[in-house]
Amino acid sequence: MQLLPSYCEDRSPPGEKKLFSLLERADRDWVVVHSLDLAPYNRNRRTEIDFLIIMPGKGIVCVEVKSHKNVYLDKKGWQPGTLQYRDPFVQARDGSSAFRRRIIDAFGAKYRSVPILPLVMFPCSRVEINSNVSVKSWDFIDKRSFDKTDAHEILPHEIQRYFMTAIDQDPDLSVMRRGLTAEEIDEIVLFCRPIRKRLPEFSEELLESKNRLDSILRAQQAPVMKLVELNEKVLVTGAAGTGKSLIGVEVAKIKAGEGKRVAYLCYNRLIGKWAARELQKTARPNLVAGPIYQVLFQIADIQPPQHPDSDWWENEAPIQILDKLTSVELRGIAQFDYVVVDELQDILARPMLWECLKGLFVDGVSNSSFLFLGDFELQSLSVDKEIIDASLMELSNISTNWVLNENCRNYKAIGDATLLLSGFEKQPWSGFMRAGGGVGSWKIQTYKDPGDQQDKIEQLISRLLTEGFNPTDITVLSFNPHRSSIYENLKNSEHDIVNAENFESAGVRYSTVKKFKGLEAKIVILSDVFFSPNEIDYQRRLFYTAMTRATERLFIFCKETSKDSLISWMDS
């Protein structure tokens, strides 16, 4: 018997440990892969196979193991209560069906004739099935088989006998005409590798990641990792540049490394794509990351209209998502064991979207595990901040709370300029990790009209490039949406201007302030700055968000009609 991996982790459920131990002692030519997560193959819905047993002469068994004691079926469903969320037999069938679809998609008709069947095991409980239930006696193996003195010899016989009985009872199935060759088995095992939750190198990577974190986390950030280790619910608040996103990404890696089904979510599409790109490098099938709408649409199988308006995003989309998340179809398979949310203030500002997020927890927010991060004071761009504060208070009462206030992104000169120009009286940072910079770190220029602004920005980019900066060091951020920004003119620039979403592309980056939230650039050119008297509070917070994107150099292009507003903030 070859088991992959060759060990069973201590944190594995007792039923899985019991089965692993018996298979390990069995004398068979089988290959057994422990713990597959097929969520990437099934719209990121919870789809797992605890043991994939490859029997060369017979076929493949997809085993779902339930470690519960005293399992029984009543009018409410499978008991104890945690089994109600997902019928174990449906779970086993979904796993085997998903695996069969994917292997046929990958290899065509080559494995179409290979029987791939589900089997549920209850190593810790006797299970009695009434005759009027659709579950058949050959669909499961329970405690009675596991408790026999020679169980390691009997269990393989029973698995094979149940497998052959299932084939005999199904007219659509037939015995394999020939067995799987050694090369075919190797091919199937290799196919499983990207969806294996437990690989030997994962433990080494997790230790290496923790050691690396010890060296890069600041004294104020490091305790968050310990809080997350000791507490199920952690709420971290911090101003821009305090390392919230770094912590969120690393916690997601660690929790996925512990075998949990993990989601890393944020409202902003750009930082969501960045986080997904970073987390994909870990090759963890049980880790889902991206912008919250993108992840929810995929799980709920919703296709947005071609040109949705703001009303659709704010109202219709959440209604469709909630309908799906609360349906019987997705019960137990849309939810996560651990959820990391960055820039939480943007989600709390949208109550219906916040309700959708709650739908990703198995048993409500108060009974779940999460790390929530946000800047709830200065980067809250919602008009109605009272909505955020009300939800934040509820979360604070059930969470372990931590505050980050050391700036580890910006030069001190940039941070000081941010406070000076945005007009905030309260100092959000206790200090700066990067003490560099000076008077030349930031500069304000005014412009008369769009053409004047474009000429000045073109000249600035040329000068920065001659100073030795790379195009990718420079990001142009518009204070306003695309339709009223410099973007259209810059597309015809002599310089290569690329959308900031294209992370791999060379060239000067471009985005809007709102889309670039959570990210940073060595040099930020803030364009299209003008202020409306009716939106001063909102625009000051947007201005703060924009300026804190710059790590080393900041250039602000302000319309002449708005320079008095900047001067008044500086004077105050």
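Computed from a predicted structure; not experimentally measured. Every chain is numbered on its own, with residues counted from 1 as its sequence reads. Where totals are concerned, whole chains, interfaces and linings use all residues; where local detail is concerned, this predicted model gives features only for residues with pLDDT of at least 70, and gives and counts side-chain atom pairs only at 80 or more. To obtain the side-chain values, all non-hydrogen atoms of the structure were included, while hydrogens and water were left out.

1. Digging into the packing of helix α1 (residues 14-25) against helix α4 (residues 151-169)
Next up, step 1: Note on method: axes are straight lines fitted to C-alpha atoms, helices fitted across the in-contact stretch only, with angles between N-to-C directions ranging 0 to 180 degrees. Counting from the N terminus, the helices are DSSP H or I runs at least four residues long and the strands are E runs at least two residues long. Where α1 contacts α4, the axes come no closer than 8 Å and their chain directions differ by 95 degrees. Accordingly, the angle class assigned to the pair α1 and α4 is roughly perpendicular. Seen from α1, the contacting residues are Leu19, Leu22, Leu23 and Arg25; seen from α4, they are Ala151, His152, Leu155 and Ile159.
Next up, step 2: Looking at the contact of α1 with α4, its residues break down into six nonpolar, one polar and one charged. Throughout this description, any angle smaller than 35 degrees is read as roughly parallel, any larger than 145 degrees as roughly antiparallel, any in the 65 to 115 degree range as roughly perpendicular, and the remainder as oblique. What makes two residues a contact is simply this: any of their non-hydrogen atoms within 4.5 Å. Gly counts as polar in this scheme, as do all residues outside two lists: the nonpolar Ala, Val, Leu, Ile, Met, Phe, Trp, Tyr, Cys and Pro, and the charged Asp, Glu, Lys and Arg.

2. Considering the state of the cysteines
Next up, step 1: Here, two cysteine sulfur atoms that lie within 2.5 Å of each other are counted as a disulfide. Under the defined criterion, the tally for this structure stands at zero disulfides.
Next up, step 2: Residue Cys8 stays outside any disulfide, its sulfur separated by 12 Å from that of Cys124, the closest cysteine.

3. Some thoughts on helix α2 (residues 88-107)
Next up, step 1: Relative to the 28 Å expected for 20 residues at 1.5 Å per residue, α2 spans 29 Å between its end C-alpha atoms, a close match to the ideal helical length.
Next up, step 2: Between buried and exposed lies partly exposed: a residue is buried under 20% and exposed over 50% of the maximum accessible area for its type, with that area taken using a 1.4 Å probe on protein chains only. Within the span of α2, buried status applies to Pro88, Phe89, Gln91, Ala92, Gly95, Ser96, Ala98, Phe99, Ile103 and Ile104.
Next up, step 3: Sitting at the amino-terminal end of α2 is Asp87, which places a side-chain oxygen 2.8 Å from the backbone nitrogen of Phe89. Here the expected span of a helix is defined as 1.5 Å times the quantity of residues minus one. N or O atoms closer than or at 3.5 Å make up a polar contact, with two conditions inside protein: a donor-capable atom paired with an acceptor-capable one, and, for residues adjacent in sequence, both atoms drawn from side chains.

4. A look at the domain arrangement of the protein
Next up, step 1: Each domain span listed reflects an automatic or database assignment of domains. By the assigned domains, the protein splits into domain 1 (1-196), domain 2 (203-403) and domain 3 (410-569).
Next up, step 2: Distance between the C-alpha centres of domain 1 and domain 2: 32 Å.
Next up, step 3: At the interface, 16 residues of domain 1 touch 23 residues of domain 2.
Next up, step 4: Of the roughly 1700 Å² buried where domain 1 meets domain 2, counting both sides, 43% is carbon and sulfur surface.
Next up, step 5: Here a salt bridge means any side-chain nitrogen of Lys or Arg lying within 4 Å of a carboxyl oxygen belonging to Asp or Glu. Counting the contacts that link domain 1 with domain 2 gives three salt bridges.
Next up, step 6: Between Arg46 and Asp337 there is a salt bridge, and its shortest N-O distance comes to 3.1 Å.
Next up, step 7: Across the contact surface, domain 1 and domain 2 share 10 residue pairs in polar contact (both at pLDDT 80 or more).
Next up, step 8: Within the side of domain 1 that touches domain 2, the residues separate by chemical class into six nonpolar, two polar and eight charged. Accessible surface is computed with a 1.4 Å probe, and the buried area is the amount of it that two parts give up when combined, taken over both parts together.

5. Structural notes on the environment of Glu560
Next up, step 1: Within the element layout of this structure, Glu560 appears in the loop between β22 (550-559) and α19 (563-571).
Next up, step 2: Excluding residues within four positions of it along the chain, Glu560 makes contact with Thr446, Tyr447 and Lys448.

6. Notes on the pattern of salt bridges
Next up, step 1: Scanning all chains against the criterion turns up 32 salt bridges.
Next up, step 2: Of the charged contacts in the structure, one is a salt bridge between Glu128 and Arg126, with a shortest N-O distance of 3.7 Å.
Next up, step 3: Residue classification places Arg126 among the partly exposed residues on the basis of a relative accessible area of 48%.
Next up, step 4: For the salt bridge of Lys358 with Glu355, the shortest nitrogen-to-oxygen distance reads 3.1 Å. A residue pair is termed a helical-turn pair when its members lie 3 or 4 positions apart in one helix, as Lys358 and Glu355 do in helix α13 (residues 351-358) at three residues.
Next up, step 5: Given a relative accessible area of 28%, Lys358 falls into the partly exposed group.
Next up, step 6: Put simply, Arg126, Glu128, Asp142 and Arg144 are held in one network by salt bridges that share partners.

7. Notes on the environment of Thr400
Next up, step 1: With respect to the element layout, Thr400 can be found in strand β14 (residues 400-404).
Next up, step 2: Overall, Thr400 belongs to the partly exposed group, its relative accessible area being 22%.
Next up, step 3: Remark: the alpha-carbon pair of Thr400 and Val228, spanning 172 residues in sequence, is separated by 8.9 Å.
Next up, step 4: Among all residues touching Thr400, those that are not within four sequence positions of it are Leu227, Asn231, Lys233, Val234 and Leu235.
Next up, step 5: Separated by 3.1 Å, the side chains of Thr400 and Asn231 make a polar contact.

8. Quick look at the packing of α2 against helix α5 (residues 182-192)
Next up, step 1: Following both chains from N to C, one finds α2 and α5 inclined at 110 degrees, their axes separated by 12 Å at the closest point. Classified by the angle their axes make, α2 and α5 are roughly perpendicular. Of the two elements, α2 crosses α5, and the hand of that crossing is right-handed. Where α2 abuts α5, its residues Phe99, Arg102, Ile103, Ala106 and Phe107 lie against Glu187, Ile188, Phe191 and Cys192.
Next up, step 2: Its residues placed into classes, the contact of α2 with α5 shows seven nonpolar, no polar and two charged. Throughout, a crossing is termed right-handed when the near helix is turned clockwise from the far one, and left-handed when it is turned anticlockwise from it by less than a right angle.

9. Here's the deal with α4
Next up, step 1: Along its 19 residues, α4 runs 26 Å from first to last C-alpha, staying within 8% of the 27 Å computed at 1.5 Å per residue.
Next up, step 2: Buried residues of α4: Ala151, His152, Leu155, Pro156, Glu158, Ile159, Tyr162, Phe163, Met164, Ala166 and Ile167, and no others.

10. Things to note about the nonpolar core
Next up, step 1: By nonpolar core is meant a set of buried Ala, Val, Leu, Ile, Met, Phe, Trp, Tyr and Cys residues that side-chain atoms within 4.5 Å join together. Within the largest apolar cluster, 39 residues are counted, with the highest numbers of intra-cluster contacts made by Leu344, Trp354, Leu357, Phe372 and Leu395.
Next up, step 2: Broken down by secondary-structure element, the contributors of at least two residues to this core are β10 (262-266), α10 (292-300), α11 (310-325), β12 (338-342), α12 (344-348), α13, β13 (370-374) and α14 (385-398).
Next up, step 3: The greatest single-element share of this core, amounting to seven residues, is contributed by α10.
Next up, step 4: If sequence neighbours within four positions are ignored, Leu395 has contacts with Leu235, Leu344, Leu348, Trp354, Val365, Phe370 and Phe372.
Next up, step 5: Counting 28 residues, the second-largest nonpolar core is a separate cluster that includes Ile271, Ile414, Ala500 and Val529.

11. Observations regarding the sheet that holds strand β20 (residues 508-512)
Next up, step 1: When DSSP finds two or more bridges between two strands, those strands count as paired. Pairing is parallel in the open sheet, where six strands are placed in the order β17-β22-β21-β18-β20-β19. Only two strands of the sheet have a single neighbouring strand rather than two, namely β17 (442-447) and β19 (497-499). Each strand axis lies, on average, 25 degrees off the axis of its neighbour in the sheet, ignoring direction.
Next up, step 2: One ladder, built from five bridges, connects strand β18 (residues 474-478) with strand β21 (residues 521-529); its direction is parallel. By the bridge assignment for β21, Ser478 is matched with Ser527.

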